[in-house]
Amino acid sequence: MKRYAVLLLVVMLIASISLVSEASSWSYWQNGWTSSNNGSSNNNNNNNGGSGHTNNSSSNPWSSYWGSWNNSSNGWGWNNPQPQNPTPNPVQPADPVEPEQPQQPTQPNPQQPLQPITPKPNPVPAPSSSLTSLEKQLIDLVNQERTARGLKPLTVDMSLVRLAKEKSHEMASTGEVAHYARTKFHSILDAAGVSYKMAGENLAKAGSLTRVHNGLMNSSGHRANILSSAYTHIGVGIVKYGTMYYATEIFVGR
């Protein structure tokens, strides 16, 4: 019995020595690979205090093998991963560029001709139908010029006064001083029932009644009407708008 016990003890001792030797051998190979591939890294770690860790999975060729073996689904056997070839992504062909459509020529937009702008008339009150003091004063100035030269004074005709007032009101409303055409002037006289052998007209615009008369006398054509011996009757119309006096003198000879 003691012999079997001694024999069993010897067998266990031999088995223990064998296991220790195998463990020492495995530690040698592991340290050998690490020191062989990362010798420079170990030296650097020792210089830096020795606290650094070496990543054996990137530099140790055995690390990828043992890692794959340990993580194998079967637990044992070789599991050498095959390198994966990246699948190139096919380049999609670019869509063809549609050519731009030519622009259609634009049709010119014919503009309507500009219509003449009619000036808005001034809000001038209508003159009175009777002879005003200003109108009588201008008639007196005309007759003074005539009598001073030996001519007969002109007689006031209220039909001519009415026509003269209408013309002066028109000029004050438009701001323009302009004669009618001769044919129209005679048509107005005829329509008013005025009898005449000859007729004439003076128009003026000034800042005072004196300037109206002096301006007419300083114009040869207007002075000729005032001093004509052929005229016998006169009508005067004066309309004031703002600071301006619009005056009309109508002469007829009978």
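Up top is the structure.
Think of each chain on its own: its residues are numbered from 1, step by step along the sequence as written. For a predicted model such as this one, the threshold for reporting local features is a pLDDT of at least 70, and the threshold for listing and counting side-chain atom pairs is 80 or more; totals across whole chains, interfaces and linings nevertheless cover every residue. Hydrogens and water are ignored here; the side-chain numbers use all heavy atoms of the structure.

Colleague: Would you explain a nonpolar patch on the surface in this entry?
Modeller: In this analysis, a patch consists of residues with relative accessible area above 30% that form no salt bridge, clustered at 9 Å for like charges and at 5 Å for the nonpolar side chains Val, Leu, Ile, Met, Phe, Trp and Tyr. Each accessible area is a Shrake-Rupley estimate made with a 1.4 Å probe; only the visible protein chains count as cover when residues are assessed. In the sections that follow, a salt bridge refers to a side-chain nitrogen of Lys or Arg positioned within 4 Å of a carboxyl oxygen of Asp or Glu. A surface patch of nonpolar side chains, about 260 Å² in accessible area, is lined by Val6, Val10 and Ile14. Looking at the element boundaries, Ile14 is found in helix H1 (residues 2-37). Partly exposed residues are those whose accessible area sits between 20% and 50% of the maximum for their type, while under 20% is buried and over 50% is exposed, using a 1.4 Å probe and protein chains only. For Ile14, a relative accessible area of 55% corresponds to the exposed category. Only DSSP runs of H or I with at least four residues qualify as helices, and only runs of E with at least two residues qualify as strands; both kinds are numbered from the N terminus onward.

Colleague: Just checking my understanding: could you explain the layout of surface pockets for this structure?
Modeller: Where empty space is left becomes clear once a probe the size of a water molecule has been rolled over the atoms. Only protein atoms enter the 1 Å grid, on which a cavity is a set of points fitting a 1.4 Å probe that cannot get out and a pocket is an open set with protein on both sides within 12 Å along at least 5 of 7 lines, lining residues being those with an atom within 4 Å of a point. Grid points are joined across faces, edges and corners, and a volume is the space filled by probe spheres set on the points. Here the second largest pocket defines a volume of roughly 150 Å³. Taken together, His179, Tyr180, Ala181, Arg182, Phe185, Ala199, Gly200, Glu201 and Asn225 make up the lining of the second largest pocket. For the lining of the second largest pocket, the secondary structure elements donating two or more residues are helix H7 (182-191) and strand E2 (198-206). Per-element tally for the lining of the second largest pocket: the top contributor is E2, with three residues. Here the nonpolar group is Ala, Val, Leu, Ile, Met, Phe, Trp, Tyr, Cys and Pro; Asp, Glu, Lys and Arg are the charged ones; every other residue, Gly included, is treated as polar. Here the lining of the second largest pocket is composed, by residue class, of four nonpolar, three polar and two charged.

Colleague: Just checking my understanding: could you explain the packing of aromatic side chains for this structure?
Modeller: One pair of aromatic rings is described through two measures. These are the centre distance and the angle between the planes. Two aromatic rings, drawn from Phe, Tyr or Trp (for Trp, its six-membered ring), form a pair once their centres lie within 6.5 Å of each other, and the interplanar angle then sorts them: stacked below 30 degrees, edge-to-face above 60, tilted otherwise. Counting across every chain of the model gives one aromatic pair. Their ring planes at 20° and their centres at 5.5 Å tell us that Tyr231 and Phe251 sit as a pair that is stacked. Placement of Tyr231 in the loop between helix H9 (220-226) and strand E3 (233-241) and of Phe251 in strand E4 (residues 244-253) is noted, with a sequence separation of 20 residues between them. One exposure class covers both Tyr231 and Phe251, and it is buried. Whether a charge sits over a ring depends on NZ of Lys or CZ of Arg being within 6 Å of the ring centre and within 35 degrees of the ring normal. Its end group placed over the ring of Tyr180, Lys167 keeps NZ or CZ at 3.7 Å from the ring centre.

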